[in-house]
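Next come the chains, spelled out residue by residue.
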Amino acid sequence: MILRKVLSENFPMLSEPELIEEIMKVGYIHEVEEGEILIDIGEIIKSMPLLVEGSLKILREDEDGNELFLYYVNAGNTCAASLTTGFGNQHSTIRAIVEEKATFLAIPVEYLDNWMVKYPSWRKFILNTYNAKFEEVLKVVDMLAFRNMEERITNYLTEKSDLHHSKILKLSHHDIANDLNTSREVVSRILKQMEKSNRIKIGRGQLEMLG
């Protein structure tokens, strides 16, 4: 009954009774604390996370080990990159870190292909997830190719504020630099400029969005 309630409240698009019964039979609830790595680069993904509460931060890593922030996953969604890996039984090319304490419904990957054929609502959910995250990745590419670092930082802070529903963001200059694959010195300089123009207020270990 708990799983049925979780599905109806967070994933109402998964509507076929037979699909719901299968999910209840093979799925299980799992909790992960803030800051933990849910999926790491190089892992074989054994289950797909349907996020019920909290949020995930999805990152890529270059050959030198530098991370680049791609997108967030929030409640009612799943990670498109983990789907691709799960369907192909391949090693993960992304890292998923728990941004806020997360509760998710884990679906073993061996059911993904079969459900794509059997259940239209599942197929639509998966395709919608791919489309939405593809657009977010394109946005990242556009930011890297066409925007300066101040615009990238502004976009990053706005997305984080929207995700947490808060104008106060608990993060350091080092955190921002890591996620945007730049130097701490560059971030500090730009944040000071943003503070002078009254767009943010810098505190100890946190920022406040003023715009």
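Preceding block: the structure.
These lines cover the structure that appears in this document, whether it is placed above or below. Along each chain, residues carry numbers from 1 onward, in the same order as the chain's sequence is written. For a predicted model such as this one, the threshold for reporting local features is a pLDDT of at least 70, and the threshold for listing and counting side-chain atom pairs is 80 or more; totals across whole chains, interfaces and linings nevertheless cover every residue. As a rule here, side-chain values cover all heavy atoms of the structure and leave hydrogens and water aside.

### Some points on helix α5 (residues 120-146)
Inference 1: Strands are runs of DSSP state E lasting at least 2 residues, helices are runs of H or I lasting at least 4, and numbering of each runs from the N terminus. Take the number of residues in a helix, subtract one, and multiply by 1.5 Å to get its expected span. Spanning 27 residues, α5 covers 38 Å between terminal C-alpha atoms, matching the ideal 39 Å at 1.5 Å per step.
Inference 2: For every residue, the accessible area obtained with a 1.4 Å probe (protein chains only) is divided by the maximum for its type, and the residue is called buried under 20%, exposed over 50%, and partly exposed between those limits. Residues of α5 that are buried include every one of S121, W122, F125, I126, T129, K133, V140 and M143, and no others.

### Considerations on helix α8 (residues 184-196)
Inference 1: In this model α8 runs 18 Å from its N-terminal to its C-terminal C-alpha over 13 residues, within 8% of the 18 Å that 1.5 Å per residue would give.
Inference 2: Buried residues of α8: V187, S188, I190, L191 and M194, and no others.
Inference 3: Between two residues, a contact is recorded if the distance between any of their heavy atoms is within 4.5 Å. The inward-facing, buried residues of α8 contact α6 (149-164), α7 (173-180), β7 (200-203) and β8 (206-209).

### Points about unusual backbone geometry
Inference 1: Look at H165: it is not a glycine, yet its phi comes out positive at around 55°.
Inference 2: Here H165 falls in the exposed class, since its relative accessible area comes to 74%.
Inference 3: The backbone of N198 sits at a positive phi, close to 60°, despite the residue not being glycine.
Inference 4: Structurally, N198 can be placed in the loop between α8 and β7.
Inference 5: Residue classification places N198 among the exposed positions, given a relative accessible area of 59%.

### Quick look at the pattern of salt bridges
Inference 1: Salt bridges are counted wherever a side-chain nitrogen of Lys or Arg sits within 4 Å of a carboxyl oxygen of Asp or Glu. Scanning the model with the defined rule gives 12 salt bridges in all.
Inference 2: Close ionic contact of E159 with K139 constitutes a salt bridge, the shortest N to O distance being 3.3 Å. Note that E159 is positioned in helix α6 and K139 in helix α5, a separation of 20 residues in sequence.

### Looking at the pairing of strand β4 (residues 67-74)
Inference 1: Within β4, six of the eight residues are buried, which leaves it mostly tucked inside the rest of the structure.
Inference 2: Here, any two strands with at least 2 DSSP bridges between them count as paired. Here seven bridges tie strand β3 (residues 47-61) to β4, and the two strands are oriented antiparallel to one another. Bridge pairing in β4 places S55 opposite N74.
Inference 3: The turn joining β3 and β4, which pair antiparallel and follow one another in sequence, is formed by five residues; a positive phi near 85° is taken by G65.

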